[in-house]
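Each chain is listed here by its residues.
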Amino acid sequence: MKKHHISYLLALAVLAPVTASAQKIDPTLEVTREFDGSFMSVHKSRLDSSINDSLLRYIPDFKYTIFEKPYRNNEKFIPSPAMELASELNEASYNFSANIEGLYPAEGKAGIFYSPLHNPGNTMSFYGSFDYFNAKIPVQKINAENESERDFDNKQWGNYRTALGGMQYLHGWESGTLSINTSYDNNMYFFRGMPDDEMPHTYDRQYVKDHFSHTFNRFCAGGSIKSHDTDNYTGRFGYSTNIFYQNTCDRFGDGIIAAGNENRITENLFRLSGKISPSFGRYRKFSLGFNWENVNYGGIKDYSYGIFGITPQYAFSYDRLNFLLGFKLSGRYKNLDNTDKYHRNIFPEIKIDVELIKNKLWFYTGATGKNTVNSYSSILSQFKYSDPRGELMASSIPLDFRTGIKTSIYGNFTADVYWRYTMYHGLQQFISSNSDDSGISATETYSNHNETAFGIKIAAASGNFSGKAGMEYGTYTKGKKSLTLNGFKPFGFPNFKLYAETGYDWRNLITASVYVEARSKTHSISNEGTEYTIKPFANLGINVKYAVNKNFKIYLRLSNILNEHMQYYAGYIEKGTSAAVGLLVKF
């Protein structure tokens, strides 16, 4: 039996049901529901408390109907499905925490968190992390005459380094919250995935670093101020404002940018958004949202483009019905003709959910859409090896329609079954370059596609056991209105995706979990311009943690246990089997 077939069977095995058990109520939590096709959300209560919250894992398996009256001005106090609210370091519970781990092959990770100010009205925290990887990774060579023939024997240096530091400040009062955030990260990545006959597999690590790598730095600063009742029908005046700034600088080796061209990029991203929402009576609310986003990009080419818009909405909530109706109006401004190629001016905003069986079964449906400013920094977040000379332009989702059924059985088992239809104007994709001097970077390109998808998400909890899983199967139409991708299915988008995880917690001393991420074959293109498919794969992993005492925890991580040649983008193979041993410290 092939490896990926075995992987799919392992993925299905973790979906086994579990039995019910009891859990005590934690009154420091507040539960809301957002019918957007994902699981309902659970978040911390806005009530002030002088007790540090020791919550690490929260699985509600009790009935909330014991509350006969609205809880602290919430018209509805609705149960969340069985789900987890988790934090790796659980920063809210400690003034100091840190972790360090070593991995095979050569890789290391470290993190630190410190909160000098921690009281009900004010919280300030500082954090930092460092990741490092340095090892040889297989490079795929494809037979142009027979694309099913692959050669993974040759290896190339793969290396990355990421250092991150930041600060967060929160100030709360009875009716609102102020937050301020700053962060800075420094990153260095080796480009790889070049054709076998061109790749410098005989070069040493230093040569690759000097000629086939890039170093990018990002500084971010932002803040928000909002009322606690923005999303609740409480008869109050709600408001929220968010501001964000990001500066990105990227520098390339001479093997990435041809001689004589600028090898440095600078980008500034600005974003401002907010919403005001006066309520009318107990069940009705009107809101007016706004957003503004702008990108200034300089280096290889210089331009500025952006979008702005407003979103009026009317919401009605009564008994078992929630209804929202509105629309988005979006404008644009630019100084290059092609930056608005996929921009749209109007989008629907409709949400309806009905509680068919009280506290057990819900039906929901809705439609929305948006414009997206594809900044260079957002591209780097998706794909670190993108060609810096690629196109940057606004794209849009004119319509994202979703409908489904959700169920919750006393919080022990929840399920979300949905169907969606999505239109993409300017779906961003990455294809390997074969027309430049390097041949190792991938350029971003865009095309129009429609997607029809069916998905299932489930979660279960019982005693010491918990599990969650989700799968989605979708089909895409062939590309249109693109200079390079007309008549092709989108590159790098699999039809089938699955994620599943099951875990066991023994007295908070030993926790263990098994997870698998599986993807079907993916249509793509090789460095030589040959169309081919990335074979299906599954990433199987194990996490085990042991609490020595309340301050120290050791853990073991195994990933890609099956040592599959995982590819998310053509030619860029992920690392094989790796193992990590770490220590987590909290005070």
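Thresholds applied
- All residue numbers refer to positions counted from 1 along the written sequence of the respective chain.
- Where totals are concerned, whole chains, interfaces and linings use all residues; where local detail is concerned, this predicted model gives features only for residues with pLDDT of at least 70, and gives and counts side-chain atom pairs only at 80 or more.
- Side-chain numbers here rest on the full set of heavy atoms in the structure, without hydrogens or water.
- Helix and strand labels come from DSSP, where a helix needs a run of H or I of at least four residues and a strand needs a run of E of at least two; each type is numbered from the N terminus.
- For each residue, the accessible area found with a 1.4 Å probe, counting protein chains only, is set against the maximum for its type, and the residue is called buried under 20%, exposed over 50%, and partly exposed in between.
- The contact criterion used is simple: two residues touch if any of their non-hydrogen atoms lie within 4.5 Å.
- Calculation of accessible area relied on Shrake-Rupley with a 1.4 Å probe; when residues are assessed, cover is drawn exclusively from the protein chains displayed.
- Strand pairing is assigned whenever DSSP identifies at least 2 bridges connecting the two strands.
- Buried Ala, Val, Leu, Ile, Met, Phe, Trp, Tyr and Cys residues that are joined via side-chain atoms within 4.5 Å together make up what is termed a nonpolar core.
- For the purposes of these results, a polar contact is taken to be a pair of N or O atoms within 3.5 Å, where, inside protein, one atom must be able to donate a hydrogen and its partner to accept one; residues adjacent in sequence count only when each atom of the pair is a side-chain atom.

Re the overall build of the chain
Moving on, step 1. Scanning the chain from terminus to terminus reveals three helices and 30 strands.
Moving on, step 2. In the chain, which comprises 587 residues, the proportion classed as buried is 47%.
Moving on, step 3. Within the chain, contacts between residues at least 6 apart in sequence are counted, and of these 64% link residues at least 24 apart.
Moving on, step 4. About 27,600 Å² of surface is accessible on the chain, with carbon and sulfur atoms providing 58% of the total.

Some points on the pairing of strand β27 (residues 552-559)
Moving on, step 1. The pairing of strand β26 (residues 537-547) with β27 spans six bridges and is antiparallel. Each residue of the ladder has a partner; that of asparagine 543, found in β27, is arginine 557.
Moving on, step 2. Linkage of β26 to β27, two consecutive antiparallel strands, is achieved through a turn of four residues.
Moving on, step 3. In the sheet, β27 pairs with strand β30 (residues 578-586) via eight bridges, with the strands oriented antiparallel. Its bridge partner being in β30, isoleucine 554 is matched across the sheet by leucine 583.

Quick notes on the nonpolar core
Moving on, step 1. Phe252, Tyr297, Tyr305, Tyr376 and Leu392 are the most contacted members of the largest nonpolar core, which has 33 residues in total.
Moving on, step 2. Those residues in contact with phenylalanine 252 that sit more than four places away from it in its chain are Phe191, Ser213, His214, Ile257, Asn263, Ile265, Tyr376 and Pro388.
Moving on, step 3. Grouped together as the second largest cluster of nonpolar side chains are seven residues, Leu498, Ala500, Val516 and Leu540 included.

Describing the side chain of glutamate 349
Moving on, step 1. One can find glutamate 349 in strand β16 (residues 346-357).
Moving on, step 2. Among the polar contacts made by the side chain of glutamate 349, one reaches the side chain of glutamine 313 at a distance of 3.2 Å.
Moving on, step 3. With residues up to four places along the chain from it excluded, the contact list for glutamate 349 reads Thr311, Gln313, Leu324, Leu325, Gly326, Phe327, Lys328, Ala367, Thr368 and Gly369.

Concerning unusual backbone geometry
Moving on, step 1. A cis amide bond links tyrosine 104 with the next residue in sequence, proline 105, at an omega value of 0°.
Moving on, step 2. In this fold, proline 105 is placed in the loop between β3 (96-104) and β4 (107-118).
Moving on, step 3. At lysine 481, a residue that is not glycine, the phi angle is positive and equals roughly 50°.
Moving on, step 4. Considering the arrangement of structural elements, one finds lysine 481 in the loop between β21 (465-476) and β22 (496-506).
Moving on, step 5. Even without being glycine, asparagine 508 reaches a positive phi, approximately 60°.

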